[in-house]
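What the coordinates show
Here is how the chains run, residue by residue.
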Amino acid sequence: MGQAPDPSGEVDLAVVGAGIVGLAAAREALSRRPDSRVVVFEREAEVGLHQTGRNSGVVHAGVYYAPGSLKARLCAAGARELYDYCDSRGIPATRCGKLIVAVDRGELPRLDDLERRARANGVPGLRRLGPSEIREVEPHARGAAALHSPATGIVDFRRVARALAADVTAAGGTVATSCAVESVEPSSRALHLRHSMGATAARRAVFCAGPWSDRLATAAGARPEPRIVPFRGAYLRLAPERRDLVRALIYPVPDPRLPFLGVHLTRRADGEVLVGPTARMAATRDVTTRRPRVADLRSTLAWPGTWRLMKSHWRAGLAELRRAVGRGALAAEAARYVPEIEAGDLLPAFSGIRAQALAHDGTLLDDFVVSETERAVHVRNAPSPAATSSLALARVIVDRAERLP
Ligand SMILES: Cc1cc2nc3c(=O)[nH]c(=O)nc-3n(C[C@H](O)[C@H](O)[C@H](O)COP(=O)(O)OP(=O)(O)OC[C@H]3O[C@@H](n4cnc5c(N)ncnc54)[C@H](O)[C@@H]3O)c2cc1C
């Protein structure tokens with residue numbers, strides 16, 4: 001194990017972003033080369049504050065993803081490794097199981113498609129259930145049919161991120177918090193990062209900056225596509241006396257045209273039952289504020305893909321707006337699966353911001369996207385299930401960084 005590197009000096013690897021993906025990559029790099037000098041830069045005062053700390057906390061089992069995609073491959077492997085990791089670190093991670101419910105016969109063809117995908121992806125223990133079996137798993141749920149994935153679970157991803165940060169430090173790396181990377185400049189010898197603590201010359205860098213990944217990539221010389229467009233995902237929670245309406249996880253059959261999974265019911269490790277999230281385009285990339293950020297708004301509106309997306313998905317956008325403005329619409333959505341839920345059962349919770357990559361032509365990119373510039377690897381799209389997949393995704397990132405010329 002080497003001596004912890006000074007964040008303003010020379011390093012072998014700089015990682016930008018201490019979300020779960022950046023921290024997993026730093027840990028992976030140090031486990032391969034224990035003597036290397038590795039620094040993680042994080043603009044916030046603590047790790048895992050953005051997407052990593054504000055999500056559903058679901059360890060996905062690989063049901064949804066196109067067979068052969070990075071998501072399909074890395075989710076299955078990542079979930080296995082994540083459960084083992086949590087076991088070894090004493091972090092509760094429970095395989096509580098998930099139901100994906102087709103509420104009526106009209107949704108059965110989409111449930112069939114999903115079942116084919118899940119089987120092609122080798123989702124462990126998957127079962128198809130009829131109406132009475134649904135009630136055996138979730139006594140208050142109803143539907144025409146469902147898929148049950150017993151290997152799906154829940155975990156607190158921010159706790160995982162903190163444990164990964166501790167591993168990085170214990171292995172001789174540095175996690176420099178409150179240190180925003182402000183500029184990136186490649187030269188023949190190194191990649192020069194200017195940041196709030198000074199400057200660092202890195203032999204190689206990996207950028208895992210979530211909502212800001214496109215800005216850092218373009219600063220390093222990458223093409224502007226894809227652009228990050230932020231989507232706010234707001235959650236409500238069931239009132240404590242109504243929590244027993246949900247045992248574990250109840251999900252809808254998702255709209256295959258959108259990369260979001262739809263409003264779901266999630267029982268967390270602490271016993272809270274979340275209802276959400278919504279998926280509404282946001283005026284800021286920064287989850288720590290509700291105020292619009294001019295630069296973020298301008299970046300979204302100046303991107304041609306935004307207008308193309310709005311044109312093709314205006315109906316879904318209006319439905320999201322309805323869910324975002326009143327509890328009634330979110331309650332009605334939840335009541336499709338659990339009819340006893342009413343608007344009065346829902347209390348405020350929190351929201352997260354999804355960093356969603358959007359192509360020039362208005363396509364919402366579904367798969368993980370990793371690309372390269374001189375001396376650098378950029379994670380340009382790491383939406384759900386990237387938290388589940390983080391330990392496996394880290395291997396792909398570090399493989400790519402090691403192959404850089
Ligand atoms: C509402 C919601 C629900 C979700 N549900 C799930 C789920 O149930 N299961 C699942 O697997 N996934 C889920 N996800 C997705 C998951 O949270 C993300 O895929 C994952 O957290 C991405 O991690 P990350 O490290 O790439 O990004 P982030 O956690 O966003 O981390 C990026 C970090 O980079 C830092 N950074 C950015 N710019 C700079 C800079 N210039 N200098 C220094 N630091 C910088 C940021 O401060 C931030 O800490 C959900 C996401 C959301 C928003």
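In case you missed it, the structure is sitting above this.
A quick note: this is a predicted structure, and the numbers were derived from the prediction, not measured.

Running from N to C, helix α1 (residues 20-32) and helix α11 (residues 386-403) point in directions that differ by 50°, and their axes come no closer than 8 Å. Between α1 and α11, the angle falls in the class oblique. Along this stretch, α1 crosses α11, giving a crossing that reads as right-handed. Across the interface between the two elements, I20, V21, A24, A25, R27, E28, A29 and R32 of α1 pack against A386, A387, S390, L391, L393, A394, R395, I397, V398, D399 and E402 of α11. Among the residues making up the contact of α1 with α11, the classes are represented as 12 nonpolar, 1 polar and 6 charged.

The next subject is the site of the ligand. Close contacts around the ligand come from 38 residues, with E42, T52, V58, A382 and T388 the closest. Within the contact set of the ligand, a nitrogen atom lies 3.1 Å away from a backbone nitrogen or oxygen of R43. In the model, a nitrogen atom of the ligand is placed 3.3 Å from a nitrogen or oxygen of the S56 main chain. Taken by itself the ligand offers 1,000 Å² of open surface, and the protein chains cover 97% of this. At the level of elements, α1, β18 (346-358) and α11 are the ones that each hand at least two residues to the shell around the ligand.

Under the defined criterion, the tally for this structure stands at 27 salt bridges. When the shortest N-O distance is used, the salt bridge between R27 and D167 registers 2.8 Å. In this pair, R27 sits in helix α1 while D167 sits in helix α5 (residues 157-170), placing the two residues 140 residues apart along the sequence. One salt bridge in this structure joins E44 and R43, with 4.0 Å as the shortest N-O distance. For E44, a relative accessible area of 15% puts it in the buried group. Looking at R43, the relative accessible area reads 38%, which means it is partly exposed. One salt-bridge network, in which partners are shared between bridges, spans E28, R32, R33, D399 and E402.

Before going further, it helps to spend a moment on the pairing of strand β14 (residues 249-252). Residues in a regular strand project their side chains so that they alternate between the two faces of the sheet. Residue alternation in β14 divides its side chains into two sets, L249 and Y251 and I250 and P252, and both sets are buried. Sheet topology places strand β5 (residues 98-102) next to β14; 4 bridges connect them, and they run parallel. Bridge pairing links I100 to Y251 in β14. Taken together, the 2 bridges between β14 and strand β15 (residues 264-267) define a ladder with antiparallel strand orientation. Looking across to β15, one finds that I250 is bridged to L265.

Quick notes on the rules
Residues numbered from 1 in each chain as written. Predicted model: local features only at pLDDT ≥ 70, side-chain atom pairs only at ≥ 80, totals over all residues. Heavy atoms only, no water. Axes fitted to C-alpha atoms, helices over the stretch in contact; angles between N-to-C directions. Helix = DSSP H or I, 4+ residues; strand = E, 2+ residues; numbered from the N terminus. Parallel < 35°, antiparallel > 145°, perpendicular 65-115°, else oblique. Left-handed = near helix turned anticlockwise from the far one by under 90°. Contact = heavy atoms within 4.5 Å. Nonpolar A, V, L, I, M, F, W, Y, C, P; charged D, E, K, R; others polar. Near = heavy atom within 4 Å. Polar contact = N/O pair within 3.5 Å; in protein donor to acceptor, adjacent residues only side chain to side chain. Areas by Shrake-Rupley, 256 points an atom, 1.4 Å probe, with all protein chains shown as cover. Salt bridge = Lys/Arg side-chain N within 4 Å of Asp/Glu carboxyl O. Buried < 20%, exposed > 50% of the residue type's maximum accessible area, 1.4 Å probe, protein only. Pairing = 2+ DSSP bridges.

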